[in-house]
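# Breakdown of the fold
The lines below spell out each chain.
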Amino acid sequence: MMAKWVKLAAVATLALGMSSAWAQGVTHEGTVVDTMNGGGYTYVQIKEVDTTFWAAGPQTEVSKGDKVAVVEQMWMNEFTSKTLNRTFDKLLFVGQIDKK
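Residues numbered from 1 in each chain as written. Predicted model: local features only at pLDDT ≥ 70, side-chain atom pairs only at ≥ 80, totals over all residues. Heavy atoms only, no water.

As annotated in an unreviewed UniProt entry, the protein carries the name NrfJ and is attributed to Shewanella scandinavica.

## Quick notes on the environment of H28
Looking at where H28 falls in the secondary structure, it is placed in strand 1 (residues 27–38). Sequence separation of H28 and V70 is 42 residues, and the distance between their C-alpha atoms is 5.4 Å. With near-sequence residues (within four places) excluded, H28 lies in contact with E48, F53, V68, A69, V70, E72, W75 and L92. At a separation of 3.0 Å, a polar atom in the side chain of H28 contacts the side chain of E48. (Helix = DSSP H or I, 4+ residues; strand = E, 2+ residues; numbered from the N terminus. Contact = heavy atoms within 4.5 Å. Polar contact = N/O pair within 3.5 Å; in protein donor to acceptor, adjacent residues only side chain to side chain.)

## Some details on the nonpolar core
Counting residues in hydrophobic clusters, the biggest one holds 11 residues: V32, V44, I46, F53, A55, V62, V68, V70, L92, V94 and I97. Of all hydrophobic cores here, the second largest spans 10 residues; its members include W54, A56, F88 and L91. (Core = buried A, V, L, I, M, F, W, Y, C linked by side-chain atoms within 4.5 Å. Buried < 20%, exposed > 50% of the residue type's maximum accessible area, 1.4 Å probe, protein only.)

## Things to note about the environment of V44
With respect to the helices and strands, V44 occurs in strand 2 (residues 41–48). C-alpha of V44 to C-alpha of T31: the two residues are 13 residues apart in sequence and 9.4 Å apart in space. Once you skip the residues sitting within four places of it in the chain, V44 turns out to touch V32, D34, T35, F53, W54, A55, V62 and I97.

## What about the confidence of the model for the protein?
The pLDDT averaged across the protein works out to 84; a share of 76% of its residues lies at or above 70. Between the elements of the protein, mean pLDDT differs from a low of 48, seen in helix 1 (residues 2–16), to a high of 98, seen in strand 2. Every residue in residues 1–6 is under pLDDT 50, and counting partners more than four places away or in other chains gives 3 contacts. (pLDDT = per-residue confidence, 0-100.)

So this is what it looks like as structure tokens:
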């Protein structure tokens, strides 16, 4: 029950563009390797120094090769986007995707 509530709260938080009560505040900066939009969200695959991960935030115009920064709010494992018809092994939810 708690996990379902947390997932719903994360989606609501993203929809409202507010910072999450459980924000960890860790900033990640890197280069966009891949990006796609769906359901009002932008999904970006970010290559940080020695790791690559997917993040999702409110729809933003970004392109492959752009330098971006995101601040951790919540990680979700096995997150399925019905709009994209895709499941992400691990997805970082963020309040915004900032171009550097």
